[in-house]
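# Commentary on secondary and tertiary structure
Given next are the chains, with one letter for each unit.
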Amino acid sequence: MAKGYWIARVDVRDAERYKDYISTAKPAFEKYGANFLARGGTYHVLEGQARGRNVVIEFPSVQAALDCYNSPEYQAAKAIRITVADAEMLVVEGA
């Protein structure tokens, strides 16, 4: 079974409140087996428009990645995130 990956590009508008998003999302990530491969950090723009924060999260499967996003636990976190950050997120199947 192929792994699933969240790829998120985020511009945080309120860093203090973004911490609330992170702590609220943590139970969903733990429940669905999330493994953070990249979380913020230095980046290099090669092409296109960059965002300030880039995140790659590995899940055991695409279904686990989708289930995490759609879970009540993550949706509670998302409700916070959308008030303090602009994001583009997708799930991609691993090789």
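Above this text is the structure in question.
Computed from a predicted structure; not experimentally measured.

Let us look at helix α3 (residues 72-84). The terminal C-alpha atoms of α3 lie 19 Å apart, and with 13 residues this matches the ideal 18 Å at 1.5 Å per residue to within 8%. Within α3, burial applies to Y74, A77, I80, R81 and V84. Looking at the buried positions of α3, the neighbouring elements they touch are β1 (4-12), α1 (15-31), α2 (62-70) and β4 (85-93).

A separate point is the environment of F36. Counting through the fold element by element, F36 comes out in strand β2 (residues 35-39). Judged by relative accessible area, F36 falls into the partly exposed class, the value being 26%. Between the alpha carbons of F36 and E58 there is a distance of 6.2 Å; along the sequence they are 22 residues apart. Discounting residues that sit within four places of it in the chain, F36 has contacts with F29, V55, V56 and I57.

Spatially, four strands are ordered β2-β3-β1-β4 in an open sheet, and the strand pairing comes out antiparallel. Of all the strands in the sheet, the pair left with one neighbour each is β2 and β4. Ignoring strand direction, the axes of neighbouring strands in this sheet form an average angle of 15 degrees. As judged from the four bridges shared by β2 and strand β3 (residues 53-59), these two strands associate in the antiparallel manner. Within β3, the residue paired with N35 across the bridge is E58. Together, β1, β3 and β4 form the strand contacts of α2, whose direction differs from that of β4 by roughly 155 degrees.

The next thing to look at is the packing of α1 against α3. Running from N to C, α1 and α3 point in directions that differ by 160 degrees, and their axes come no closer than 8 Å. Looking at the two axes, α1 sits roughly antiparallel to α3. Crossing of α1 over α3 shows left-handed handedness. Between α1 and α3, the residues in contact are R17, Y18, D20, Y21, T24, A25, A28, F29 and K31 and E73, Y74, A76, A77, K78, I80, R81, T83 and V84, respectively.

With that settled, the discussion passes to the pattern of salt bridges. This model, assessed by the stated rule, comprises nine salt bridges. K3 serves as the salt-bridge partner of E58, at 3.6 Å between the closest nitrogen and oxygen. With a gap of 55 residues between them, E58 in strand β3 and K3 in the segment before β1 connect regions that are remote in the sequence. E58 sits in the buried class, given a relative accessible area of 15%.

What counts and what doesn't
Counting of residues starts from 1 at the beginning of each chain's written sequence and follows it residue by residue. In view of the model being predicted, local features appear only for residues whose pLDDT reaches at least 70, and side-chain atom pairs are presented and counted only at 80 or more, with totals across whole chains, interfaces and linings using the full set of residues. Heavy atoms throughout the structure, all of them, feed into the side-chain values; hydrogens and water do not. Helix and strand definitions here come from DSSP, where helices need a minimum of 4 consecutive H or I residues and strands a minimum of 2 consecutive E residues; each element is numbered from the N-terminal end. In this analysis, the expected span of each helix is defined as 1.5 Å times one less than the number of residues it contains. Per-residue accessibility, obtained with a 1.4 Å probe over protein chains only, is compared with the maximum for each type, and a residue is labelled buried under 20%, exposed over 50%, and partly exposed between these values. Contacts are assigned to residue pairs that have any heavy atoms within 4.5 Å of one another. At least two DSSP bridges between two strands are required for those strands to pair. Lines fitted to C-alpha atoms define the axes, with helix axes restricted to the stretch in contact, and inter-axis angles between N-to-C directions lie between 0 and 180 degrees. An angle below 35 degrees is treated as roughly parallel, one above 145 as roughly antiparallel, one from 65 to 115 as roughly perpendicular, and anything else as oblique. Two helices crossing with the near one rotated counterclockwise from the far one by less than a right angle form a left-handed crossing, whereas a clockwise rotation gives a right-handed crossing. Salt bridge, as used here: a side-chain nitrogen of Lys or Arg that lies within 4 Å of a carboxyl oxygen of Asp or Glu.

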